[in-house]
Amino acid sequence: MAQSTVELRREKRESTYVQTARLAAAEIRGMHDGGLLSVCKHYPGQSSKEPCGDSHMAETCVTDSLEDIMNVNLYPYKYLIDRGLLDGIMTTHCRFTSVDDVYPASLSKKCIDLIRNLGFDGFAITDALSMMGVVAKFGLTDPKGMCIEAGNDLSLCWTAQTKQGFDAICDCYERGLISDERLDEATKKVLEMHHRVMELEPKFTEITEEDKANIKRIATDSIFAKTDDGLDPSISKDGKHFFMVLTGNETDINDAGKVDVATFAGNI
C-alpha cells in the first residue's frame, strides 16, 4: 500500500531527528575538548508533525501525542543521555498539550520530569523569561520563580537591569513560589556544573591563525534558506537580496491589561 504524504513527511522528520542526534553528539564532544559544557535547546523541541509557530510568542501550542514526543522529540536527548553527553537543556515556551495543557514547557514540572525520568542529571535553564511566550499570560515576575519550582535550575531573566531579575526571584521565594527543597536542588545543580567544567581538560589551548580565518568565513560562507516544497533553496552569494519575514503575532489580553505583543516585552 502506498504511503500517504503525511506518513512520508513524518518519516522524513524522524530521520532528521536521528541525524540531529549524531551531529549534536559530535559537536558536544568538540565542546568538551575545548573545555566547555553544552546546552541543548529548545527542550522538548517543536512538533514532529507540522509547523506550530514561534516558541517565543504567546500561546504557541504543540498538539503531538505523548508517544510521538517520547519517541521523536526526545530521541536526540535520549541519544545524548545514553552516551553521557547531555550537560544541560534550555526549556522552550511552547505548550505541549498532551503533557501539560496549562503551562508552557519552561514552567511545567510535567514536561521537565519527562527527561529527568529518562536519566538526565544535568542542569536546566529557561529560555528568556521576558519573551511573550510567558509574559503575556503569566507576567514578568512570577515566571522567574515558577520556572525554578517546575524543575529548572537557572532562570534566564534576560534584562539589562540584572538587579530587577534578582529582586524578582527573591520576591518569588518570599511569596512561596519557590520551595526551600527545590532551591537547594537547583543550587546543587549549578555548583555541579561549575565543578564539571573545571574538571574538563581542554585539548585546544590556543586559537590558531587558521581558526581565526575559519571564524571570519562563517558569516560569508554559511548561507541557508528554507523554502516551500518544490522551490530551490539555494541562494547566490553574489549580488544583493531582499528578504521578507512574515510571522504571526497574536495573543490574548492578560490580567494586567493590554500588552504590547512582540517576541520580547519592553521593546527589547
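This text gives an overview of the structure that appears in the document. Keep in mind that what you see is a predicted model, and the values were worked out from it rather than measured.

### Focus: the overall build of the protein
No. 1: In terms of helices and strands, the protein carries 9 helices and 5 strands.
No. 2: Element order for the protein, N to C, with α for helix and β for strand: α-β-β-α-α-β-β-α-β-α-α-α-α-α.
No. 3: A burial count over the protein gives 37% of its 268 residues as buried.
No. 4: Total accessible area on the protein is roughly 16,800 Å²; 55% of this is exposed by carbon and sulfur atoms.

### Remarks on helix α8 (residues 180–199)
Count 3.6 residues to each turn of an α-helix, and residues three or four apart come out pointing the same way.
No. 1: In this model, α8 (20 residues) spans 29 Å end to end at C-alpha, consistent with the 28 Å of a helix rising 1.5 Å per residue.
No. 2: Residues of α8 that are buried: Arg-182, Ala-186, Lys-189, Val-190 and Met-193. Seen from one end, α8 has its buried residues packed into an arc of 95 degrees, which puts them on one side. Across α8 from its buried face, at more than 90 degrees, point the exposed residues Glu-181, Asp-184, Lys-188, His-195, Met-198 and Glu-199.
No. 3: Against the buried residues of α8 lie α4 (109–116), β5 (123–126) and α6 (143–150).

### Some words on the sheet that holds strand β1 (residues 39–43)
No. 1: Strand order across the open sheet formed by 3 strands is β1-β3-β5, with parallel pairing between neighbours. Where the open sheet ends on each side, the last strands, each with one partner, are β1 and β5. Along the sheet, successive strands turn relative to each other by an average axial angle of 25 degrees, direction set aside.
No. 2: α4 contacts β1, β3 (88–91) and β5 of the sheet and is inclined by roughly 135 degrees relative to β1.

### Considering a nonpolar patch on the surface
No. 1: Together, Ile-207, Ile-215 and Ile-218 make up an exposed nonpolar region whose accessible area comes to about 310 Å².
No. 2: As for its position among the elements, Ile-215 is in helix α9 (residues 209–221).

### Regarding a negative patch on the surface
No. 1: Taken together, the side chains of Glu-149, Asp-180, Glu-181 and Asp-184 define an acidic patch exposed on the protein surface.
No. 2: If one sorts the elements of the negative patch by residue count, α8 sits on top with 3 residues.
No. 3: Along the polypeptide, Glu-181 turns up in helix α8.
No. 4: Classification of Glu-181 by relative accessible area gives exposed; the value is 57%.

### Let's talk about unusual backbone geometry
No. 1: Cis geometry marks the peptide bond from Lys-41 to His-42, where omega comes out at -5 degrees.
No. 2: By secondary structure assignment, the location of His-42 is in strand β1.
No. 3: For the peptide bond that leads from Tyr-43 to Pro-44, omega is -5 degrees, which places it in the cis range.
No. 4: Along the polypeptide, Pro-44 turns up in the loop between β1 and β2 (61–62).

### Observations regarding the packing of aromatic side chains
No. 1: Overall, the coordinates contain 3 aromatic pairs when judged by the stated rule.
No. 2: Residues Tyr-75 and Tyr-79 carry aromatic rings whose centres are separated by 6.2 Å and whose planes lie at 40 degrees to one another, so their mutual orientation is tilted. A residue pair is termed a helical-turn pair when its members lie 3 or 4 positions apart in one helix, as Tyr-75 and Tyr-79 do in helix α3 (residues 75–82) at 4 residues.
No. 3: A relative accessible area of 31% places Tyr-75 in the partly exposed class.
No. 4: For Arg-83, the ring lying beneath its charged end belongs to Tyr-79, and the centroid distance is 3.5 Å.

### Quick word on the nonpolar core
No. 1: In this structure, Tyr-43, Tyr-77, Leu-80, Leu-86, Ile-89, Phe-96 and Ile-115 are the most contacted members of the largest nonpolar core, which totals 25 residues.
No. 2: Secondary-structure elements contributing two or more residues to this core are α1 (5–33), β1, α3 and α4.
No. 3: Among residues more than four places away in sequence, those in contact with Leu-80 are Ala-21, Ala-24, Ala-25, Ile-28, Cys-40, Leu-85 and Leu-86.
No. 4: If you look at the next biggest cluster of nonpolar residues, it comprises 14 residues, including Phe-138, Met-146, Ile-148 and Ala-186.

Definitions and limits used
- Residues numbered from 1 in each chain as written.
- Predicted model: local features only at pLDDT ≥ 70, side-chain atom pairs only at ≥ 80, totals over all residues.
- Heavy atoms only, no water.
- Helix = DSSP H or I, 4+ residues; strand = E, 2+ residues; numbered from the N terminus.
- Buried < 20%, exposed > 50% of the residue type's maximum accessible area, 1.4 Å probe, protein only.
- Areas by Shrake-Rupley, 256 points an atom, 1.4 Å probe, with all protein chains shown as cover.
- Expected span 1.5 Å × (residues − 1).
- Arc of directions from axis to C-beta.
- Contact = heavy atoms within 4.5 Å.
- Pairing = 2+ DSSP bridges.
- Axes fitted to C-alpha atoms, helices over the stretch in contact; angles between N-to-C directions.
- Patch = residues over 30% accessible without salt bridge, like charges linked within 9 Å, V, L, I, M, F, W, Y side chains within 5 Å.
- Salt bridge = Lys/Arg side-chain N within 4 Å of Asp/Glu carboxyl O.
- Lys, Arg positive; Asp, Glu negative; His and termini not counted.
- Charge placed at Lys NZ, Arg CZ, Asp CG, Glu CD.
- Phe/Tyr/Trp six-rings, centres within 6.5 Å; stacked < 30°, edge-to-face > 60°.
- Lys NZ or Arg CZ within 6 Å of the ring centre and 35° of its normal.
- Core = buried A, V, L, I, M, F, W, Y, C linked by side-chain atoms within 4.5 Å.

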